[in-house]
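# Inside the fold
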Amino acid sequence: DSNIRAFFYERSYMEKSAGIYRKTYYAADLRQCSDGEQVFDLFLVSKLRQCANERSVRWLSILLSDRSGTITAKMWPENIRPEYEGYESKVVIVKGRIGYYSGRPELIVELMQPLEAGNFVESEICRCPTEEVLTFCERQIVSSIGKIQSEKLRAYVNGLYIEGGALHEMKELPVRVDGQHHAYRGGLIEHVSEVTTMAFYQAKTAAIYRTDPVSLDMVIAGALLHDAAALIQKPAGYGAVMEDTNRLMGYRYAAHSILNEGRQMCWIPEDLYARLIHIVDSSHEAGPLPLTAEAMIVRSANLLSITMGQYDDACQESQQNDFVYSKRLRREIYRVGGQGSVE
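Procedures and definitions
Residues numbered from 1 in each chain as written. Predicted model: local features only at pLDDT ≥ 70, side-chain atom pairs only at ≥ 80, totals over all residues. Heavy atoms only, no water. Helix = DSSP H or I, 4+ residues; strand = E, 2+ residues; numbered from the N terminus. Buried < 20%, exposed > 50% of the residue type's maximum accessible area, 1.4 Å probe, protein only. Contact = heavy atoms within 4.5 Å. Areas by Shrake-Rupley, 256 points an atom, 1.4 Å probe, with all protein chains shown as cover. Axes fitted to C-alpha atoms, helices over the stretch in contact; angles between N-to-C directions. Parallel < 35°, antiparallel > 145°, perpendicular 65-115°, else oblique. Left-handed = near helix turned anticlockwise from the far one by under 90°. Nonpolar A, V, L, I, M, F, W, Y, C, P; charged D, E, K, R; others polar. pLDDT = per-residue confidence, 0-100. Pairing = 2+ DSSP bridges. Phe/Tyr/Trp six-rings, centres within 6.5 Å; stacked < 30°, edge-to-face > 60°. Lys NZ or Arg CZ within 6 Å of the ring centre and 35° of its normal. Patch = residues over 30% accessible without salt bridge, like charges linked within 9 Å, V, L, I, M, F, W, Y side chains within 5 Å. Salt bridge = Lys/Arg side-chain N within 4 Å of Asp/Glu carboxyl O.

### Some details on the overall build of the chain
Of the regular secondary structure elements, the chain holds 11 helices and 11 strands. Burial statistics for the chain: of 343 residues in total, 45% are counted as buried. Contacts spanning at least 24 positions in sequence make up 59% of the contacts within the chain whose residues lie at least 6 apart. For the chain, the computed accessible surface area is about 18,400 Å², with 50% contributed by carbon and sulfur atoms.

Following this line, the structure appears as structure tokens:
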């Protein structure tokens, strides 16, 4: 096939350093490209699905991503190959051209070729915590579980994270596959670790300044379990595959399913379990308003972690400008960058 031969010929001229392929253009850069401009670069296939219209015309709808963000892509039927359906969550070399649809750029893909790990720089493709960070987060979560004084509650959380193996899986999972926050491999363990740490110290502070007692056990357990729904994802390459089970019922149902299963293995009293479920449900903006001090603390820590994660994402996408517009935060933010020191 002449197209395939030409593809590999172009691939041989890609920028390489010590035998590793390097990116030239990032997804954010492609938004500035002109109509018809050729693209030959590395991307992560975040999503891929078959589509068809009423005239039975098929195409592949593809979401390509790298550390700068995402760009939508299409592949028309004459270029589709059976093996492409297995490329989701893989890093690929893409050949295509920029096209504009409703005023927005998208990539019209002609060919894709997967790359094995070690042939590209992971940090160019996706944000990935270092092993040191992952180890720190794991130790922090284990330490937090140990701080729970209630034997029943500690056994319950320990059964899910340690005995159930969830802590190991979290190193490979994002929080959200839709890219809202911490949408990278290892993002889940980073986020849960951060939320738990912030909630712990907020609760300790509340004990000094508030008259009504705050249960440190409930704050720790609620913070650790607030994103339990993310555990229905299964690690796959550089992305995560969301299980189909119960998806129509939503994230809250998924969280309840996981937490109920854990409760059957390690029974805790109904009133204690109800307070814990309320913390988990109300920790997100889409959930109910928090009614307890513990739920308010966990919600506050969760929303701060999300906001700071989105701020960090915007800063990562633009290394040059002092002022950066964040689509997720819906406002312009100020990137301090190298001016972080006040000395």
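### Side note on the packing of helix α7 (residues 187–209) against helix α8 (residues 216–225)
Where α7 contacts α8, the two axes come as close as 8 Å, and the packing angle between them is 160 degrees. On the basis of the axis angle, α7 is roughly antiparallel to α8. Crossing of α7 against α8: the hand is right-handed. Packed against α7, whose contacting residues are Val-192, Val-195, Thr-196, Ala-199, Phe-200, Ala-203 and Lys-204, the element α8 presents Leu-216, Val-219, Ile-220, Ala-223 and Leu-224 at the interface. For the contact of α7 with α8, a count of residues per class yields 10 nonpolar, one polar and one charged.

### Some words on the confidence of the model for the chain
Residues at a pLDDT of 70 or more form 87% of the chain, whose mean pLDDT is 85. For the chain, helix α1 (residues 2–11) is the element with the lowest average pLDDT, namely 56, and α8 is the one with the highest, namely 97.

### A look at the pairing of strand β6 (residues 91–101)
Most of β6 is tucked away, with eight of its 11 residues classed as buried. Pairing geometry for strand β3 (residues 38–52) and β6, over seven bridges, is antiparallel. Looking at β6, one finds that Leu-44 is bridged to Val-91. In this sheet, strand β7 (residues 104–114) lies alongside β6 in antiparallel orientation, the contact comprising 10 bridges. Across the sheet, Val-92 pairs through a bridge with Pro-114, a residue of β7. Two successive antiparallel strands, β6 and β7, enclose a turn made up of two residues, where Ser-102 displays a positive phi of approximately 55 degrees.

### What to know about the packing of aromatic side chains
Inspection of the entire model under this criterion finds five aromatic pairs. Note on Tyr-156 and Tyr-273: the rings are 6.4 Å apart at their centroids and 90 degrees apart in plane angle, and the pair reads as edge-to-face. Placement of the pair is Tyr-156 in helix α5 (residues 151–163) and Tyr-273 in helix α10 (residues 270–282), with a sequence separation of 117 residues. Accessibility classification places Tyr-156 together with Tyr-273 in one group, the buried group. The ring of Phe-43 has Lys-23 lying over it, and the distance from NZ or CZ to the ring centre is 4.0 Å.

### Here we look at the sheet that holds β6
What the five strands build is a closed barrel, ordered β3-β4-β5-β7-β6; its pairing is mixed. Looking at each pair of strands side by side, their axes are set apart by 50 degrees on average, direction ignored.

### A few points about a nonpolar patch on the surface
Taken together, the side chains of Phe-323, Tyr-334 and Val-336 make up a nonpolar region of the molecular surface, amounting to roughly 260 Å² of accessible area. Mapped onto the elements, Val-336 comes out in the segment after β11 (331–334). For Val-336, a relative accessible area of 32% corresponds to the partly exposed category.

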